[in-house]
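# Secondary and tertiary structure notes
Spelled out, the chains give:
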Amino acid sequence: MLKLISRAIVLVGCFVLLIIFGIRSCGSHVYPRPSSAYYVSDFAEVLDPATENFIISTADTLYEDTKNIDEIGGTQIVFATFLVENNAEIANYDKNTLFREWEIGKNDMGVLVIFFFTKTVIDDLDYYDLKQMQVETGYHMTPYLTDIELNTIYSDTLNYYLPAGTLTYPYDEALDMGVGSMMNELLNVAYGEIYLQPDNVVPQSEFDPWYQDYILDYSGSTSTGANSPMDVFTFFFAGFGSLSDKILFGVFGMLFMLAGGFSFAKGGGGSSGGGGLFKRR
Amino acid sequence: MKKGLVIGLSVLGVVVLVGGIVTASEYNALVDADENVALQGAGILTSLEARNSLIDQLVTTAGAYLDHESEVYQMITDARIEYTDAVASGSYTDLINADAATSLALTSLLAVVEDTPELSGIEAITNLMGAMETREYVLQVSRSDYNDAVATYNASIRRFPRIIFARMFGFSEPKPYWSMTDGEDITVVFPVNA
């Protein structure tokens, strides 16, 4: 009888701890978790899967190629889109907090590009207005990507294909060309200026025609899972969360690993201090 | 008798050892918290210097258009003097006041630039305004990080039993938060179309 009572107490205790950890971990995050694709979180659902696939594959390759370069650290480039009601709502988003929550880049070598859209319905069609672009760079990335350089990249890529004031719609080629072109320029900075690998640099004049064909060929291809936050289990299993969260979910994680294991794209643990760019349109 | 002495000395030795470890650990924790405040404070100083440099560039570029804005000029000049004196004194309270004065002057300067179409149309001015917004955001993050470090330190030196070690090692003075005297955050108001 006593044994039964003590077992019940242990079980109830574990249940209470589970709830406490759950509440704690939910409360410690202000923004949505990144998507399971990690490198693109297209919550506004405006990017063509072809663009999402391009960013995810190139960003993952960049990180895998550089994460073991200890003297610099691994670069992660992450894109996020949010749908807002109006300009005032953008103030509710803090790029620095989002960057720190998503832990982008190893050794603070991360880049977070955020697009804020509003939606307008004209003749039963959804149009999107890109209201603002914000970029947050990790502590060690800031000297490589200054606000001046980011401004130039913005003018030569996104604003070139989708000038300020131009409405767009989901899977618009202009938007995808601008975003893809911007990703290429960020990759060029990483490979060309940070890791000194000129062979991996693709000049914009060569990239853009290739990317145009790429979008045409792969537009509307398979979804990448970039439109919704990753599930809670994956989030913690991917290495985010507090120590107590990690202990709790680590137990489940170990079980999964023992059962064969699988890997997730995840943040490199990076932090930032506000460097980057604000670009209102 | 001999056995009792050995046990007594052993107990004393363990107490001294544990006491020494605890004291060293508490002292190191206090030093770390103190250093973190200093580190975050240094981050703010770097940002303040960069902001002053940008203000100089903005005033120089705006040039003659600001000649009739003597009040704004005076605010900037006074804030600069206050900042220079604060750096010389090394007082955080003075630096916080100088930061608040500069932020107020900068808000006025940005409003003048925005209200002067000849200025807001100049690309160099637009670029400087963009750089200023980024710099101001970095400064805001630095202030927030500093205040977090101060909160950790101040709470740490008041908590039991660390309060005993804090007083013992001279860490009993709380650090000032980086905010205005009424506790409000220091902010620069950017024009909507900046």
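Worth saying up front: this structure is predicted, and the values here are computed from it rather than measured. Position labels on residues start from 1 in each chain and follow its written sequence. Think of it this way: whatever chain is written first is A, whatever ligand is written first is 1, and the rest follow in order. Totals for whole chains, interfaces and linings use all residues, but because this is a predicted model, local features are given only for residues with pLDDT of at least 70 and pairs of side-chain atoms are given and counted only at 80 or more.

Before going further, it helps to spend a moment on the overall build of chain B. The secondary structure listing takes helices from DSSP runs of H or I that are at least 4 residues long and strands from runs of E that are at least 2 residues long, numbered from the N terminus. Helix and strand counts for chain B come out as six helices and zero strands. Its helices and strands in sequence order give chain B the pattern α-α-α-α-α-α, from N to C terminus. Its C-alpha radius of gyration of 25 Å places chain B more than 25% over the 16 Å reference for a compact globule of 194 residues. Viewed in the frame of its principal axes, chain B has a C-alpha envelope of about 95 × 25 × 25 Å. Burial is judged by counting the other C-beta atoms within 10 Å of a residue's own C-beta: 20 or more makes it buried, 12 or fewer makes it exposed, and any count in between marks it as partly exposed, with every C-beta position built from the backbone. The buried share of chain B, reckoned over its 194 residues, is 30%. Any residue pair is listed as a contact if its two C-beta atoms, each placed from the backbone, are within 7 Å. By sequence separation, contacts in chain B at least 24 residues apart represent 74% of the contacts at least 6 residues apart. Between the two quantities, the radius of gyration covers C-alpha atoms and the globule rule is 2.2 Å times the number of residues to the power 0.38.

Moving on: the overall build of chain A. A count of helices and strands for chain A gives 10 helices and six strands. Within chain A, buried positions represent 42% of all 281 residues. The long-range share in chain A, meaning contacts at least 24 apart out of those at least 6 apart in sequence, stands at 76%.

It is worth spelling out the environment of Pro198 of chain A at this point. You can see Pro198 of chain A is positioned in the loop between helix H7 (173-194) and helix H8 (204-218). Between the C-alpha atom of Pro198 of chain A and that of Lys131 of chain A, which follows or precedes it by 67 residues, the distance is 35 Å.

Residue and element names in this part refer to chain A. Contact geometry of H7 with H8 gives a least axis separation of 10 Å together with a crossing angle of 135 degrees. Here H7 is positioned oblique relative to H8, judged by the angle of their axes. Once H7 is placed against H8, the crossing between them reads as right-handed. Residues Glu173, Asp176, Met177, Gly180, Ser181, Asn184 and Glu185 of H7 lie in contact with H8, whose contacting residues are Gln204, Phe207, Asp208, Tyr211, Gln212 and Ile215. Gly is placed with the polar residues, together with every amino acid not listed as nonpolar (Ala, Val, Leu, Ile, Met, Phe, Trp, Tyr, Cys and Pro) or charged (Asp, Glu, Lys and Arg). Per-class residue counts for the contact of H7 with H8 are four nonpolar, five polar and four charged. Every axis corresponds to a line fitted to the C-alpha atoms, with the helix fit spanning only the stretch in contact, and the corresponding angles, defined between N-to-C directions, vary from 0 to 180 degrees. Any angle that is under 35 degrees is reported as roughly parallel, and any over 145 degrees as roughly antiparallel; angles of 65 to 115 degrees are reported as roughly perpendicular and all others as oblique. For any pair of crossing helices, the crossing counts as left-handed if the nearer helix is rotated counterclockwise from the farther one by less than a right angle, and right-handed if it is rotated clockwise.

Residue and element names in this part refer to chain A. At least two bridges found by DSSP between two strands are what make those strands a pair. Direction of pairing for strand S2 (residues 76-83) relative to strand S3 (residues 110-122): parallel, over a ladder of eight bridges. What sits directly across from Ala80, in S3, is Ile114. When S3 meets strand S4 (residues 125-138), the two strands line up antiparallel, connected through 12 bridges. By the bridge assignment, Ile122 is partnered in S4 with Leu125. Following S3, the chain reverses through two residues before pairing antiparallel with S4; Asp123 in that reversal takes a positive phi of roughly 50 degrees.

The interface is formed by nine residues belonging to chain A together with 10 residues belonging to chain B. Secondary-structure elements contributing two or more residues to the side of chain A that touches chain B are helix H5 (147-156) and strand S6 (272-280) of chain A. Looking at which element gives the most residues to the side of chain A that touches chain B, the answer is S6 of chain A, with six residues.

Residue and element names in this part refer to chain B. Remark: helix H1 (residues 2-62) packs on helix H3 (residues 92-115), axes separated minimally by 11 Å, with the N-to-C direction vectors making an angle of 30 degrees. In terms of orientation, H1 and H3 fall into the roughly parallel class. Handedness of the crossing formed by H1 with H3: left-handed. Residues Gly41, Leu48, Ile55, Leu58 and Ala62 of H1 form the contact with H3, whose participating residues are Tyr92, Asp99, Leu106, Leu109 and Val113. Taken together, the residues of the contact of H1 with H3 break down into eight nonpolar, one polar and one charged.

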